[in-house]
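# Tertiary structure, described
Spelled out from the first residue to the last, the chains are:
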Amino acid sequence: MAEPVAIRKISSILDEMNQMQERIMRRAYDIFERNGRLLGRDLDHWLQAERELLWKPPLELREEAGEFVLEAAVPGVDPKDIDIEVTPEDIVLKADTYHEHEEKKGTVHICEYESGKMFRSIHLPKRINPDKVKAEFKNGLLQLKAEIVEEARAKKIKHEAA
């Protein structure tokens, strides 16, 4: 059975995006410093910082029957730890993920579990109604359904002579 996930409606995600960008920028600068301040590797430093600080789950966004359906693969994440924020133009998925090894269970030779901050910001191609977004979590797959709002159509107005 799918488990419902809470959704928070916000007016803007700009502050959140700016904070995340600032964290990545600081880490990229630390990498630049650690590598001897060699110029010309800015993009490499930025991408390395982003990989270290963020986990971006794979997702699919499709439009069907007047709504967007967003599916994100978030295995191992507890549904109550997922934070979903929506605006008419954006959907943001966040969670903190941790994976630790117990010393009693032997030697770990390979581990590909993600730890850190999960963060995905999806800018939608059409506006949605934030009040009509539903989210469910089942078998490691988060599914959101968001009703697309009909854009106000331009209307021709007759003017009256004065």
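Let me begin by describing the structure that accompanies this report. Chains are numbered independently. Their residues run from 1 in the order of the written sequence. Totals for whole chains, interfaces and linings use every residue, but because this is a predicted model, local features are given only for residues with pLDDT of at least 70 and side-chain atom pairs only at 80 or more, for both listing and counting. Calculation of side-chain values draws on the structure's entire complement of heavy atoms; hydrogens and water are dropped beforehand.

Take the overall build of the chain next. Helix and strand definitions here come from DSSP, where helices need a minimum of 4 consecutive H or I residues and strands a minimum of 2 consecutive E residues; each element is numbered from the N-terminal end. Broken down by element type, the chain carries two helices and 10 strands. For the chain, the N- to C-terminal ordering of α and β elements is β-β-α-α-β-β-β-β-β-β-β-β. Only protein chains enter the accessibility calculation, which uses a 1.4 Å probe; a residue is then buried when its area is under 20% of its type maximum, exposed when over 50%, and partly exposed in between. Residues classed as buried in the chain amount to 31% of the 162 residues present. For the chain, the proportion of contacts with a sequence separation of at least 24, taken over those separated by at least 6, is 61%. Surface accessibility in these figures is a Shrake-Rupley result with a 1.4 Å probe; residues are shielded only by whichever protein chains are displayed. Summed over its atoms, the accessible surface of the chain is roughly 11800 Å², and 50% of this surface lies on carbon and sulfur atoms. In this analysis, two residues are considered to be in contact whenever any of their non-hydrogen atoms come within 4.5 Å of each other.

In this structure, Val74, Ile82, Ile84, Ile91, Leu93, Leu142 and Leu144 are the most contacted members of the largest nonpolar core, which totals 25 residues. Counting residues per element, the ones that place at least two in this core are β5 (67–73), β6 (83–86), β7 (90–97), β8 (116–123), β9 (128–138) and β10 (141–148). Ignoring any residue separated from it by four or fewer positions in sequence, one finds Leu93 in contact with Leu70, Ala72, Asp83, Ile84, Met118, Phe119, Arg120, Ile122, Leu142 and Leu144. Residues grouped as a nonpolar core are buried Ala, Val, Leu, Ile, Met, Phe, Trp, Tyr and Cys residues, joined through side-chain atoms within 4.5 Å. With nine residues, the next largest nonpolar core counts Ala28, Ala49, Leu54 and Val92 among its residues.

To continue, consider helix α2 (residues 42–53). One less than the number of residues in a helix, times 1.5 Å, gives the span that helix is expected to have. The terminal C-alpha atoms of α2, which comprises 12 residues, lie 16 Å apart, in line with the 16 Å expected from a rise of 1.5 Å per residue. Of the residues making up α2, those classed as buried are His45, Ala49, Glu50 and Leu53. In an axial view of α2, the angular spread of the buried residues amounts to 135 degrees, which keeps them on one side of the axis. For α2, the exposed residues lying more than 90 degrees away from the buried face are Leu43 and Arg51. Of the surrounding secondary structure, the elements contacted by the buried residues of α2 are α1 (14–34), β3 (54–55) and β8. The reported arc concerns the directions from the helix axis to the C-beta atoms and nothing else.

Further remarks concern α1. Compared with an ideal rise of 1.5 Å per residue, which puts 21 residues at 30 Å, α1 spans 30 Å between its outermost C-alpha atoms and is within 8% of the ideal. Residues Met20, Ile24, Ala28, Ile31 and Phe32 constitute the buried set of α1. Across the axial projection of α1, the buried residues extend over an arc of 115 degrees, all falling on one side. Along α1, exposed side chains directed more than 90 degrees from the buried face belong to Asp15 and Gln19. Looking at the buried side of α1, the elements it contacts are α2, β3 and β8. Just downstream of α1, Gly36 is the residue with a positive phi angle, here 85 degrees.

Before going further, it helps to examine the side chain of His45. By the element assignment, His45 lies in helix α2. When neighbours within four sequence positions are excluded, His45 is seen to be in contact with Ala28, Ile31, Phe32, Asn35 and Leu38.

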